[in-house]
Amino acid sequence: MTCWPPRSDPRLCVLLCCAVLAVCAAASSTGAGVCQSPGVASCTDCLCRGPQCAWCFQKDFLYGSEPSRRCDLPENLRRRGCGSEFIEQSEVKVEINATLSGTQVSPRGISITLRPGSQASFMVAVKQLQRYPLDLYYLVDVSASMQENLNHLKTVGVALSLRMTEHTSDLWLGFGSFVDKPVSPYISVHPSKINNPCSDYEIRCRPAHGFHHVLSMTGNMSEFTRVIKRQRISGNMDTPEGGLDAMLQAAVCQNAVGWRPEAKRLLLLMTDQPSHLALDSRLGGIVVPHDGQCHLENNVYTGSTRMDHPSLGQLSDKLLENNIHSVFAVEKQQYQWYEELVQLLPGSYLGKLGIFQAPNLIDLVVDAYKRLLSEVAVSVSVEDLAVSRFWVSVSPICPQGSTRKDQSCSGVQPGQTVYFNITIGQHACSADGKDNDVVVLVHPVGYNESTVVRVHSKCGCKCRPTGHCNEDVQSPCSSQELRPDHGHLKDLNIDPNRSCRADGWNVDCSSRGVCECGKCVCEQSRLGLIFGKYCEMDDFSCPYNRELLCGGHGVCVSGECVCQEGWTGESCGCPTSPTTCQSPDGFICSGQGKCVCGKCVCDDPQHSGEFCEGCRICHIKREI
């Protein structure tokens with residue numbers, strides 16, 4: 001396992017390792033009952049029952065028994081004689097790609113291997129830098145009621161630039177305007193009001209529009225001020241405006257707006273009214289859902305009359321996807337409406353303004369910038385087609401002086417690091433039951449770096465090295481073993497049951513099964529499992545040692561333990577190697593005894609001790 005980043009805080013590696021080990025231990029703690037089921041007919045069925053289950057693909061394992069007996073806990077399979085090299089089991093792995101580095105988010109790439117029922121944990125570190133470049137896009141409601149507020153904005157640019165030098169040395173501003181969808185009943189479609197909605201008041205104002213992008217990001221504050229001074233108000237019929245529709249365009253039209261990749265991004269919405277929501281456009285005959293794409297032509301939003309307002313979930317996704325914090329500057333009459341809205345938009349901030357004056361706007365931007373940067377949170381997203389098959393949990397570890405708030409840390413200071421302990425678990429396989437890869441994105445809100453997690457969902461079995469898992473039920477008869485000839489066997493001198501008798505035995509299947517077509521079908525016993533070519537083995541009639549059949553070092557055959565290499569004794573409890581009897585001086589039992597069943601038996605009763613090294617009266621004999 002690789003720790004990240006190189007020469008970083010060693011606590012990160014320790015936390016990662018501990019988390020993964022804890023998950024693996026938790027996954028294997030469930031009992032064997034879930035594995036042992038008559039309904040298990042294949043290796044895939046077995047492993048899908050839980051991460052603790054394993055399948056034995058050893059060809060002669062439990063010969064004559066049902067395939068479901070091949071599914072059990074790994075230790076049970078080994079105890080019944082399945083070699084470790086023949087066991088297929090779930091594997092939970094977390095691998096860190098240390099070749100991808102980031103200044104704010106580490107690691108950038110993670111690979112996880114999961115099976116249904118398993119889970120794995122890892123750590124993501126998010127570091128707050130000292131100073132960031134800042135892009136601030138003003139998105140302003142230019143309906144008639146905002147005339148005075150638009151005038152106050154004309155003096156904001158230079159003053160804000162001076163104020164923000166305390167927090168950033170690289171401030172860029174952009175500007176866009178919105179009103180509402182230019183269709184009835186949201187605007188008057190009388191010919192005299194299409195081009196001049198304010199004609200009744202003998203005022204010349206601009207046509208209503210869904211969104212106009214006016215000024216791309218620039219560090220030239222004079223240019224920003226000049227553009228603001230040229231803006232004119234517009235008009236519409238209903239109270240709610242099209243602010244959310246315009247916000248999505250400002251977020252996704254990256255090239256037109258000019259968002260810088262390395263900058264923190266603030267999208268400031270100024271309005272004195274609530275906003276239309278998804279499905280509101282049905283009143284205007286617009287029923288096509290928003291596609292979430294950019295639709296600017298010559299800086300004019302062309303999809304306004306063709307598509308509905310975006311849903312809050314859709315807007316939230318696009319803001320997050322494009323690393324944008326949203327700030328709402330609203331008059332106090334609308335504060336409650338937007339207070340509920342910001343709870344559904346991660347990385348958003350609400351400012352209540354008594355009046356839209358330049359000092360208030362500047363304070364709002366500065367406060368929002370400081371507040372949003374001091375709160376560190378992550379969003380975890382799973383591919384849409386796989387979201388029902390996985391679950392995710394997030395637990396932040398906040399630095400000293402900050403406060404944990406649900407799944408985020410607030411009050412984080414520049415230079416501090418927040419660690420997120422993230423656990424991903426798998427519920428089930430895909431519908432086709434095949435292995436596949438799923439991408440999970442861990443995205444710190446408002447950051448231009450993220451962690452890509454590739455989850456390798458393992459649902460099939462490899463059964464190395466041949467690829468054969470021995471899942472087929474052994475049928476006692478085959479078409480070639482019994483060849484009828486007018487209702488009789490071809491050779492009446494051949495005993496069809498002879499192949500069901502062990503050498504030296506004159507009974508079929510050890511009297512514990514029946515011979516069918518030359519193969520034994522073993523009986524079922526309440527005491528345990530009967531198996532073997534001649535039903536000569538079981539897992540219950542042999543001696544136990546340390547509460548394990550044949551001491552866990554052999555198999556039970558005809559009531560006697562057949563020990564594995566290196567073990568002997570009635571219950572396979574004695575090692576054949578004398579190494580356990582070797583005394584510190586290198587001699588077996590200090591040269592004063594024999595090694596019997598792994599323990600020293602002294603030749604002379606006067607010698608004692610674990611290695612016959614003690615003799616209380618030996619020195620007396622030497623003196624005499």
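Okay, so let's go over this structure. (Residues numbered from 1 in each chain as written. Predicted model: local features only at pLDDT ≥ 70, side-chain atom pairs only at ≥ 80, totals over all residues. Heavy atoms only, no water.)

Here we look at the sheet that holds strand β32 (residues 560-563)
Step number 1: Read from one edge to the other, the open sheet built from four strands follows the order β27-β28-β31-β32, with strand pairing classed as antiparallel. Strands at the two margins of the open sheet, each flanked by one partner only, are β27 (530-531) and β32.
Step number 2: Taken together, the two bridges between strand β28 (residues 537-538) and strand β31 (residues 554-557) define a ladder with antiparallel strand orientation. From the neighbouring strand, Met-537 faces β31, where its bridge partner is Val-557. (Pairing = 2+ DSSP bridges. Helix = DSSP H or I, 4+ residues; strand = E, 2+ residues; numbered from the N terminus.)

Concerning the layout of surface pockets
Using a probe with the size of a water molecule, rolled over the atoms, empty space left in the structure can be pinpointed.
Step number 1: Of the volumes computed, that of the largest pocket is approximately 670 Å³.
Step number 2: What lines the largest pocket is a set of 21 residues, among which Val-342, Gly-347, Ser-348, Glu-375 and Lys-405 lie closest to the centre.
Step number 3: Broken down by secondary-structure element, the contributors of at least two residues to the lining of the largest pocket are α11 (335-342), β15 (348-353), α12 (358-374) and β16 (376-382).
Step number 4: Residues belonging to the lining of the largest pocket are distributed by class as follows: 10 nonpolar, six polar and five charged. (1 Å grid on protein atoms, 1.4 Å probe; cavity = no way out; pocket = protein on both sides within 12 Å on 5 of 7 lines; lining within 4 Å. Points joined across faces, edges and corners; volume = space filled by probe spheres on them. Nonpolar A, V, L, I, M, F, W, Y, C, P; charged D, E, K, R; others polar.)

Comments concerning the nonpolar core
Step number 1: Counting 71 residues, the largest nonpolar core has Phe-122, Tyr-138, Leu-153 and Leu-160 as its most contacted members.
Step number 2: Examining the composition of this core, we find that 10 residues originate from one element, α12, more than from any other.
Step number 3: Judged by nonpolar contacts, the second largest core, of 30 residues, contains Met-217, Leu-315, Leu-319 and Val-330. (Core = buried A, V, L, I, M, F, W, Y, C linked by side-chain atoms within 4.5 Å. Buried < 20%, exposed > 50% of the residue type's maximum accessible area, 1.4 Å probe, protein only.)

Focus: unusual backbone geometry
Note: most peptide bonds trans; most residues except glycine with negative phi.
Step number 1: Of the consecutive residues Ser-106 and Pro-107, the connecting peptide bond is found in the cis state with omega at -10°.
Step number 2: Inspection of the secondary structure puts Pro-107 in the loop between β5 (105-106) and β6 (109-114).
Step number 3: With omega at 10°, the peptide bond leading from Ser-184 into Pro-185 counts as cis.
Step number 4: With respect to the helices, strands and loops of the structure, Pro-185 is situated in the loop between β9 (171-178) and α6 (191-194).
Step number 5: Not every positive phi belongs to a glycine, and Asn-470 is a case in point at roughly 55°.

Things to note about the packing of aromatic side chains
To describe a pair of aromatic rings, one takes the distance between the centres and the angle between the planes.
Step number 1: Taken as a whole and judged by the stated rule, the model has five aromatic pairs.
Step number 2: Seen from their ring centres, Phe-328 and Tyr-338 are 5.5 Å apart, and the 40° between their planes marks the pair as tilted. Linking Phe-328 in strand β14 (residues 324-331) with Tyr-338 in helix α11, this pair joins segments that are 10 residues apart in sequence.
Step number 3: In this structure Phe-328 comes out as buried when scored by relative accessible area, which is 0%.
Step number 4: Classification of Tyr-338 by relative accessible area gives buried; the value is 0%.
Step number 5: An aromatic cluster is built from Phe-328, Trp-337 and Tyr-338, whose rings are joined through pairwise contacts.
Step number 6: Seen from the ring of Tyr-132, Lys-264 lies directly overhead, with NZ or CZ sitting 4.8 Å from the centre.
Step number 7: Geometry around Tyr-447 places Lys-264 over its ring, the cationic atom sitting 3.5 Å from the centre. (Phe/Tyr/Trp six-rings, centres within 6.5 Å; stacked < 30°, edge-to-face > 60°. Lys NZ or Arg CZ within 6 Å of the ring centre and 35° of its normal.)

Notes on empty space enclosed by the protein
Step number 1: Per the stated rule, a full pass over the model turns up one cavity of 30 Å³ or more.
Step number 2: Empty space within the largest cavity amounts to approximately 50 Å³.
Step number 3: In terms of lining residues, the largest cavity is bounded by Gln-104, Tyr-132, Glu-262, Ala-263, Lys-264, Asn-323, Gly-446, Tyr-447 and Asn-448.
Step number 4: Class assignment for the residues of the lining of the largest cavity results in three nonpolar, four polar and two charged.

Some words on the state of the cysteines
Step number 1: One pass over the full model with this rule turns up 18 disulfides.
Step number 2: The residue that forms a disulfide with Cys-253 is Cys-294, at a sulfur-sulfur distance of 2.1 Å. On the sign convention where negative means left-handed, the S-S torsion of about 105° between Cys-253 and Cys-294 marks this disulfide as right-handed. Taken together, the residues Cys-253 in the loop between α8 (243-252) and α9 (254-257) and Cys-294 in the loop between β11 (264-271) and β12 (296-297) connect sequence positions 41 residues apart. (Disulfide = S-S within 2.5 Å.)

From the geometry alone we can't say anything about function, so treat these as descriptive.
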